[in-house]
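Results of the structural survey
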Amino acid sequence: MNVPDNLLYTKSHEWIKILEGGNALVGITDYAQEQLSDVVFVSLCGEGEKLSANGTIGDVESIKAVSEIKSPVDGTVVRVNQGVMDDPALINSAPYDAWLVELSGVKGEDSLLSAKAYEELIGDEA
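Just so it is clear, the model here is predicted, and its values are computed rather than measured.

1. Here's the deal with the environment of Val26
- Of note, Val26 is situated in strand S3 (residues 24-28).
- Look at Val26 and you get buried, because its relative accessible area is 0%.
- Between the C-alpha atom of Val26 and that of Glu49, which follows or precedes it by 23 residues, the distance is 14 Å.
- In this structure Val26 touches Trp15, Ile16, Ile57, Pro72, Trp99, Leu100, Val101 and Leu103, once residues within four positions along its chain are discounted.

Quick look at the structure:
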């Protein structure tokens, strides 16, 4: 399972990458996409939407199930990845490049898991 060291993680299998300037990209982990199997549809919230930690970013639908994607932090959506909505399979082929939304005004990242802690979590679930 691929767990990059430069990201932070949630117990619900989202990742977040803090960018220079304080914005952050959010996506789902390699573990999550593997559990979902083939992702066939992505629905995301709109630009300008204010999210609280654990607020809904959108849904990812696979051949197995529909899963709600949660925001790891508080923030405002400044960009939605239209490429992932147009080609949901990108989540399966490159989960750490296929970000879902970019957030500004990010708060609450200190409560997230490090790569090592996330590896331990998925090791316990496997």
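Still more to cover.
2. Here we look at the sheet that holds strand S4 (residues 39-44)
- Taken together, the three strands give an open sheet; going across it, the order is S4-S6-S7, and neighbouring strands pair in antiparallel fashion. Only two strands of the sheet have a single neighbouring strand rather than two, namely S4 and strand S7 (66-70). Adjacent strand axes in the sheet meet at a mean angle of 20° when their direction is disregarded.
- Across five bridges, strand S6 (residues 56-62) lies against S7 in antiparallel orientation. Across the sheet, residue Thr56 finds its bridge partner in S7, namely Lys70.

3. Here's the deal with the pattern of salt bridges
- Throughout the structure, instances matching the rule amount to two salt bridges.
- With its nearest N and O atoms 2.7 Å apart, the salt bridge here joins Lys70 to Glu68.
- By relative accessible area, Glu68 is classed as partly exposed at 42%.
- Two residues, Arg79 and Glu102, come together in a salt bridge whose shortest N-O distance is 2.7 Å. Of this pair, Arg79 sits in strand S8 (residues 74-80) while Glu102 sits in strand S9 (residues 101-107), and the two are 23 residues apart along the sequence.
- By relative accessible area, Arg79 is classed as partly exposed at 39%.
- Owing to a relative accessible area of 9%, Glu102 belongs among the buried residues under this scheme.

4. Some words on helix H4 (residues 115-125)
- Taken together, the buried positions of H4 are occupied by Ala115, Tyr118 and Ile122. Along the long axis of H4, the arc covered by the buried residues comes to 60°, so they all point the same way. For H4, the exposed residues lying more than 90 degrees away from the buried face are Lys116 and Asp124.
- The inward-facing, buried residues of H4 contact strand S1 (8-9) and helix H1 (30-36).

5. So, the packing of aromatic side chains
- If you walk through the whole model with that rule in mind, you get two aromatic pairs.
- Here Tyr9 and Tyr118 contribute two aromatic rings whose centre-to-centre distance is 4.7 Å and whose plane-to-plane angle is 10°, an arrangement assigned as stacked. Taken together, the positions of Tyr9 in strand S1 and Tyr118 in helix H4 put the pair 109 residues apart, joining distant regions of the chain.
- Each ring, one from Trp15 and one from Tyr96, has its centre 6.0 Å from the other, and the planes form 55°; the classification is tilted. One end of the pair, Trp15, is in strand S2 (residues 14-18); the other, Tyr96, is in the loop between helix H3 (90-93) and S9, with 81 residues separating them in the sequence.

6. Focus on the pairing of S6
- Of the strand pairs in this sheet, S4 and S6 are connected by five bridges, and their pairing is antiparallel. Pairing of Phe41 across the sheet is with Glu61, part of S6.
- Taking the residues that link successive antiparallel strands as the turn, the S6-S7 hairpin has three residues.

Conventions adopted
Residues numbered from 1 in each chain as written. Predicted model: local features only at pLDDT ≥ 70, side-chain atom pairs only at ≥ 80, totals over all residues. Heavy atoms only, no water. Helix = DSSP H or I, 4+ residues; strand = E, 2+ residues; numbered from the N terminus. Buried < 20%, exposed > 50% of the residue type's maximum accessible area, 1.4 Å probe, protein only. Contact = heavy atoms within 4.5 Å. Pairing = 2+ DSSP bridges. Axes fitted to C-alpha atoms, helices over the stretch in contact; angles between N-to-C directions. Salt bridge = Lys/Arg side-chain N within 4 Å of Asp/Glu carboxyl O. Arc of directions from axis to C-beta. Phe/Tyr/Trp six-rings, centres within 6.5 Å; stacked < 30°, edge-to-face > 60°.

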